[in-house]
Amino acid sequence: MSPSTSKDTPPPLPEPLRVPVGDSHTHLDMQTGTVEEALAKAASVGVTAVVQVGCDLKGSLWAAETAAAHPQVHAAVALHPNEAPRIVHGDPDGWSRQGARTPGGEAALDEALAEIERLAALPHVNAVGETGLDYFRTGPEGTAAQERSFRAHIEIAKRQGKALVIHDREAHADVLRILREEGAPERTVFHCYSGDADMARECAAAGYYLSFAGTVTFKNARDLREAVAVAPAELLLVETDAPYLTPAPYRGRPNAPYLIPLTVRAMAAARGEHEDTLATALAANTARAFGY
């Protein structure tokens, strides 16, 4: 691989969308370059709004401050499902961005949740998330902390009248069950939707938004393309989850909001729809879901 196409090289600008859309889930704080550069690059290809998502207290505060400073940025604040067990049980390996941490117990989780609620009440914070369940690398102890945190975030979203952004990794049945038990907020978004067409129908029946990431462009993602095809147009969203999940053909290279057009085009193809028609729906849905 030549230096010009190394895995650290940002992909080129795609052809701009004719109808501007929003990136419903991104992590600007984990991307290279300034916020201003990222927003300008995104706007140049028709991505005119982004939802900046917090995963821990520090990231949530940064999201809130960044949204306050930039009208095209909308903040979501939360403790990521993998963050809750780290707060309760500690993180001796320092796997998270904070380095090694000692166990704080339930009291530390309560304290962190109170801070998330304080941030969620701010006017430029539009959502509570990403929260949910992640069974990918979590044992039974960690799962209990995740569930307690998830239930608390659902309540915060309802009390503050904000959208709920869900992270669901290998936990579909439990996520749907907890939403039923707690009663989902009026606006609930499945970020980086990873279920199949049947689950998409179940989510649509409950009125949940389904947000698709670059994964929908991957060769082996037939289930996702089938889910995109059956989802109602008024519940579809698009996202990058940047710097992760870069769409094909640039998988493995850094993702950023300016690459949204590639995912929009893959979604339109899966639906047999003109990209302008889909982009019009996506733009309206993102503004409605996040109340901007």
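Note on numbering: residues in each chain are counted from 1, in written sequence order. For a predicted model such as this one, the threshold for reporting local features is a pLDDT of at least 70, and the threshold for listing and counting side-chain atom pairs is 80 or more; totals across whole chains, interfaces and linings nevertheless cover every residue. Side-chain measures here rest on the full set of heavy atoms in the structure, leaving out hydrogens and waters.

J.: What is the right way to look at the overall build of the protein in this model?
T.: The secondary structure content of the protein amounts to ten helices and eight strands. Note on method: radius of gyration uses C-alpha positions; expected globular size equals 2.2 Å times residues raised to 0.38. Relative to the globule expectation of 19 Å for 292 residues, the C-alpha radius of gyration of the protein, 18 Å, shows essentially globular dimensions. By its C-alpha atoms, the protein is 50 × 45 × 35 Å across when sized along the principal axes. Here's how the labels work: a residue is buried when its accessible area is under 20% of the maximum for its type, exposed when over 50%, partly exposed in between, all with a 1.4 Å probe on protein chains only. Counting across all 292 residues of the protein, residues that qualify as buried make up 55%. When contacts within the protein are restricted to residue pairs at least 6 apart in sequence, those whose partners lie at least 24 apart make up 72%. All tallies of charge rest on Lys and Arg as positive and Asp and Glu as negative; His and the ends of each chain are not included. For the purpose of locating charges, the reference atoms are NZ of Lys, CZ of Arg, CG of Asp and CD of Glu. Side-chain charges of the protein comprise 27 positive and 38 negative groups, with the mean position of each set lying 4 Å from the other. Helix and strand definitions follow DSSP, with helices as H or I runs of at least four residues and strands as E runs of at least two, each counted in order from the N terminus. Residues count as neighbours in contact if any of their non-hydrogen atoms are within 4.5 Å of one another.

J.: Looking at this model, I keep getting lost on the layout of surface pockets. Mind explaining?
T.: Empty space among the atoms becomes visible once a probe the size of a water molecule is rolled across them. As defined here, a cavity is a set of points on a 1 Å grid over the protein atoms alone where a 1.4 Å probe fits but cannot get out. A pocket is an open set with protein on both sides within 12 Å along at least five of seven lines, and residues line them when an atom is within 4 Å of a point. Grid points are joined across faces, edges and corners, and a volume is the space filled by probe spheres set on the points. Computed from the structure, the largest pocket encloses a volume of approximately 870 Å³. Looking at the largest pocket, it is lined by 30 residues, and the ones nearest its centre are His80, Asp134, His167, Arg169 and Asp241. Taken together, the elements giving at least two residues each to the lining of the largest pocket come down to helix H3 (83–89), strand E4 (125–134) and strand E5 (163–169). Broken down by element, the lining of the largest pocket gets its largest block of residues, three residues, from E5. When residue character is reported, Ala, Val, Leu, Ile, Met, Phe, Trp, Tyr, Cys and Pro are called nonpolar, Asp, Glu, Lys and Arg charged, and the others, Gly included, polar. Residue composition of the lining of the largest pocket, grouped by class: nine nonpolar, ten polar and eleven charged.

J.: Sorry, what's going on with the nonpolar core here?
T.: Nonpolar side chains in soluble globular proteins tend to be buried together. Joining through side-chain atoms within 4.5 Å is the link that ties buried Ala, Val, Leu, Ile, Met, Phe, Trp, Tyr and Cys residues into a set, and such a set is a nonpolar core. With 71 residues, the main nonpolar core has Phe150, Leu179, Phe190, Tyr193, Phe212 and Met267 as its most contacted residues. Setting aside chain neighbours within four positions, we find Leu179 in contact with Phe150, Ile154, Leu164, Ile166, Ala184, Thr188, Phe190 and Tyr208.

J.: What am I meant to see in the packing of aromatic side chains here?
T.: Note on aromatic pairs: each is described by the distance of the centres and the angle between the planes. Paired rings are identified among Phe, Tyr and Trp, the last through its six-membered ring, by centres lying within 6.5 Å, and are further divided according to the angle between planes into stacked (under 30 degrees), edge-to-face (over 60) and tilted (the rest). Overall, the coordinates contain two aromatic pairs when judged by the stated rule. Summarising the aromatic geometry, the rings of Tyr193 and Phe212 are spaced 5.3 Å apart at their centres and angled 55 degrees between planes, so their arrangement reads as tilted. You can see Tyr193 sitting in the loop between strand E6 (188–190) and helix H7 (197–206) and its partner Phe212 sitting in strand E7 (residues 209–212), a full 19 residues away along the chain. Side by side, Tyr193 and Phe212 carry an identical accessibility label, which is buried. Here, over-ring charges are defined by two tests on the NZ atom of lysine or the CZ atom of arginine: distance to the ring centre within 6 Å, and angle to the ring normal within 35 degrees. The positively charged end of Arg169 is found above the aromatic ring belonging to Phe136, 3.7 Å away from the centroid.

J.: Can you help me understand the packing of helix H9 (residues 260–271) against helix H10 (residues 275–290) in this one?
T.: In helix packing, the relevant descriptors are the interaxial angle and the interaxial distance, both defined with respect to the helix axes. To get an axis, fit a line to the C-alpha atoms, keeping to the stretch in contact for a helix; angles then go from 0 to 180 degrees between the N-to-C directions. Packing of H9 against H10 brings their axes to within 9 Å, and their N-to-C directions diverge by 110 degrees. Put simply, H9 runs roughly perpendicular to H10. In this structure, H9 meets H10 at a crossing whose hand is right-handed. Residues Val264, Arg265, Met267, Ala268 and Arg271 of H9 lie in contact with H10, whose contacting residues are Glu275, Leu278 and Leu282. Here the residues of the contact of H9 with H10 are counted per class, giving five nonpolar, no polar and three charged. For classification, angles of less than 35 degrees are called roughly parallel, those exceeding 145 degrees roughly antiparallel, those between 65 and 115 degrees roughly perpendicular, and all remaining angles oblique. What makes a crossing left-handed is the near helix being turned counterclockwise from the far one by less than a right angle; a clockwise turn instead makes it right-handed.

J.: Just checking my understanding: could you explain unusual backbone geometry for this structure?
T.: Apart from glycine, the bulk of residues carry a negative phi angle, and the bulk of peptide bonds sit in the trans form. Of note, the bond from Gly129 into Glu130 is cis; its omega dihedral lies within 30 degrees of zero at 15 degrees. On the secondary structure map, Glu130 appears in strand E4. Cis geometry is adopted by the peptide bond preceding Pro249, which originates at Ala248 and carries an omega value of 5 degrees. Looking at where Pro249 falls in the secondary structure, it is placed in the loop between strand E8 (236–238) and H9. One non-glycine residue with positive phi stands out, namely Asp241, at about 55 degrees. Structurally, Asp241 can be placed in the loop between E8 and H9.

J.: Can you help me understand the pattern of salt bridges in this one?
T.: If charged atoms from side chains of opposite charge come close, those side chains can pair. One side-chain nitrogen of Lys or Arg within 4 Å of one carboxyl oxygen of Asp or Glu is enough to make a salt bridge. Within this structure, the stated rule accounts for 20 salt bridges. Ionic pairing is found between Glu181 and Arg151, a salt bridge with its closest N-O pair at 2.6 Å. You can see Glu181 sitting in helix H6 (residues 172–182) and its partner Arg151 sitting in helix H5 (residues 140–160), a full 30 residues away along the chain. For Glu181, a relative accessible area of 47% gives the class partly exposed. Residue Glu155 is joined to Lys158 by a salt bridge in which the shortest nitrogen-to-oxygen separation is 3.7 Å. Placement of the pair is Glu155 and Lys158 together in helix H5, with a separation of three residues, close to one helical turn. Judged by relative accessible area, Lys158 falls into the partly exposed class, the value being 33%. In this structure, a network of salt bridges that share partners links the residues Glu147, Arg151, Asp174, Arg177, Glu181 and Glu182.

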